[in-house]
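Each chain, letter by letter, is given below.
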Amino acid sequence: MQKPTLNFWQIWNMCFGFLGIQVGFGLQNANVSRIFQTLGADVGAIPILWIAAPLTGLLVQPIIGYMSDKTWGRLGRRRPYFFYGALATTAALLIMPNSPVLWVAAGMLWIMDASINVTMEPFRAFVGDMLPHRQRTAGFAMQSFFIGVGAVFASALPWILTNWFSMENTAPPGVVPDSVKLAFYIGAACVLAAVMWTIFSTKEYPPDKLAEFEASEPPIGRKSEAAAGAAARASTYFRWGGICLAAGGVATIIVAQIALGRIRLAEEALKVNDLYIVTVGAVVFGLILIAAGILKQRGATSNPFSDIIDDLFSMPPQMKQLAVVQFFSWFALFSMWIYSTAGVTAHHYGTNDPTSALFNKGADWVGVLFAIYNGFAALAAFTIPVLAARTSRKTAHAINLILGGAGLASFLFIRDPQWLWVSMIGVGIAWASILSVPYSILSGALPAKKMGVYMGIFNFFIVIPQLLAASILGIFVKYFFGGEAIYALALGGASMGIAAVATIFVEDSAGSRLKKDSKGPTIAAGR
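These notes cover the structure that comes with them. Predicted model, so just to flag it, every value in this text is computed and none were measured.

Considering a nonpolar patch on the surface
Stage number 1. A cluster of nonpolar side chains, contributed by V280, V284, F285, I288 and F305, occupies part of the molecular surface with about 350 Å² of accessible area.
Stage number 2. Inspection of the secondary structure puts V280 in helix α11 (residues 276-298).
Stage number 3. A residue is classified by how much of its surface remains accessible, and V280, at 38% relative accessible area, is partly exposed.

Structure follows, in structure tokens:
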């Protein structure tokens, strides 16, 4: 028995919740740096404050994916996580712009991002659960469309409230402007309404039905591997755990010595504390692997921790190849999200004073630019499946990433801020592709019973580059770029170019087979 082909409106309903999720993410991405600076954060400290976003994704997504794979109740398999995550996200959006001091805002970013991740992660697996292989590119593209529309609305909302409804976009020092506050309140309502629409308009297949579907589908893109023995797997964990522990420990000591001024690489002691994110992270990961090895030796493996580590080390080949692509793609995106406001206001508007009208004018324009790239992403979402069908999924993705890298790099060369919207065309096309094509390729290589946990593990390769960006970009901007944040965007453009090259080496046998066998439209006209 094969999964039935869904019509346009069925796919629309099952993806509609992503509209609300991206309204939340869009408000976060376009305004959190602004809120931090308003509350007194130095521009060099912004990356470390942003660590909350990737770190919560690293912890939350694989756990939620694992849990949702094993959940079945009155609301279904994935929808309970949509429901409770949406409630928590709504509350966080109401509180965030009212943060009285910087540490409260940083804490609220942790809570808000964790809540959004609880809602978002099962949506990726939801497409794999509900759609046959031939429709998954269209399904993920539909998600990209809603992401684009939601982000356009969220990014432009403070500007719209200021310019169309005459709300104040300035405030006394340490106070978030009213236009930003109201934008977050409106976003909270959008998150709740959109996610509830998907919950109550789409019903999930029960586990036994999913098992029947999987048994009848050809193993597209999957390569079975014999499970490694417990002793061999434990040895692997100990080896890699020891390497990470030793390397991270030595690097942590070196960073501490530099921070204390005992090792001097310049005339003044370098402020390298942000590097602890990477070095201590390596130590922690090493300890996690050693703990997994000990549990494996003792035979105590019937637990979520051991299952997730085993799945991490048993990734399909396509997932490993896509991991490289994701790493460089998301490093570029995080560079843009962190430094667009600081880069544009300083490089194009000539000010670093967050209380000035000129700074807030530039910050509002960054919000509009974010809306523009998301608008182009929404439009590109409908063209990506066509381009992929005419070439291949990986060729289409490589082309899109090249356009995105060129767009980011052009920020350095375009002097008139009013023309930066041209740069955002390429960024928007790349963004739509990043949100759809890798997931479409990956879903054909995953077993249905592990769709959630592997989608969560795949998030590691989104989070790790973001953590790296949070740890090194501040140092790069301060010591290598002379405090000019605009060069961080150019660095992001180079990173996206590397991602495009890596895409060429991704194996997509499932895509080749589906293209060969395709004889009709990927979305049914109706029932």
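Resuming the write-up.
Topic: the environment of D307
Stage number 1. The residue D307 is located in helix α12 (residues 304-312) in this model.
Stage number 2. Residues D307 and V453 lie 146 residues apart in sequence; the distance between their C-alpha atoms is 9.4 Å.
Stage number 3. Ignoring any residue separated from it by four or fewer positions in sequence, one finds D307 in contact with Y66 and T301.

Details of the nonpolar core
Stage number 1. If you look at the biggest cluster of nonpolar residues, it comprises 135 residues, and the most contacted ones within it are M96, M112, M336, W337, Y339, W431 and I457.
Stage number 2. Here this core gets 15 residues from one element, more than from any other, and that element is helix α13 (residues 317-347).
Stage number 3. Ignoring sequence-local partners within four residues, the contact set of W431 consists of Q22, I147, W330, L333, W337, Y373, N374 and A377.

A few points about the side chain of S356
Stage number 1. As for its placement among the helices and strands, S356 is situated in the loop between α13 and α14 (357-390).
Stage number 2. Here the side chain of S356 touches F359 through a polar contact of 3.1 Å, landing on its backbone nitrogen.

Digging into the pattern of salt bridges
Stage number 1. In this structure the tally under the stated criterion is 9 salt bridges.
Stage number 2. Note that R77 and D129 form a salt bridge whose closest N and O atoms lie 3.3 Å from each other. In this pair, R77 is assigned in the loop between α4 (52-69) and α5 (79-95) and D129 in helix α6 (residues 102-130), connecting sequence segments 52 residues apart.
Stage number 3. Looking at R77, the relative accessible area reads 6%, which means it is buried.
Stage number 4. Classification of D129 as buried rests on a relative accessible area of 3%.
Stage number 5. The network of salt bridges with common partners includes D69, R77, R78 and D129.

The rules we used
- Residues numbered from 1 in each chain as written.
- Predicted model: local features only at pLDDT ≥ 70, side-chain atom pairs only at ≥ 80, totals over all residues.
- Heavy atoms only, no water.
- Patch = residues over 30% accessible without salt bridge, like charges linked within 9 Å, V, L, I, M, F, W, Y side chains within 5 Å.
- Areas by Shrake-Rupley, 256 points an atom, 1.4 Å probe, with all protein chains shown as cover.
- Salt bridge = Lys/Arg side-chain N within 4 Å of Asp/Glu carboxyl O.
- Helix = DSSP H or I, 4+ residues; strand = E, 2+ residues; numbered from the N terminus.
- Buried < 20%, exposed > 50% of the residue type's maximum accessible area, 1.4 Å probe, protein only.
- Contact = heavy atoms within 4.5 Å.
- Core = buried A, V, L, I, M, F, W, Y, C linked by side-chain atoms within 4.5 Å.
- Polar contact = N/O pair within 3.5 Å; in protein donor to acceptor, adjacent residues only side chain to side chain.

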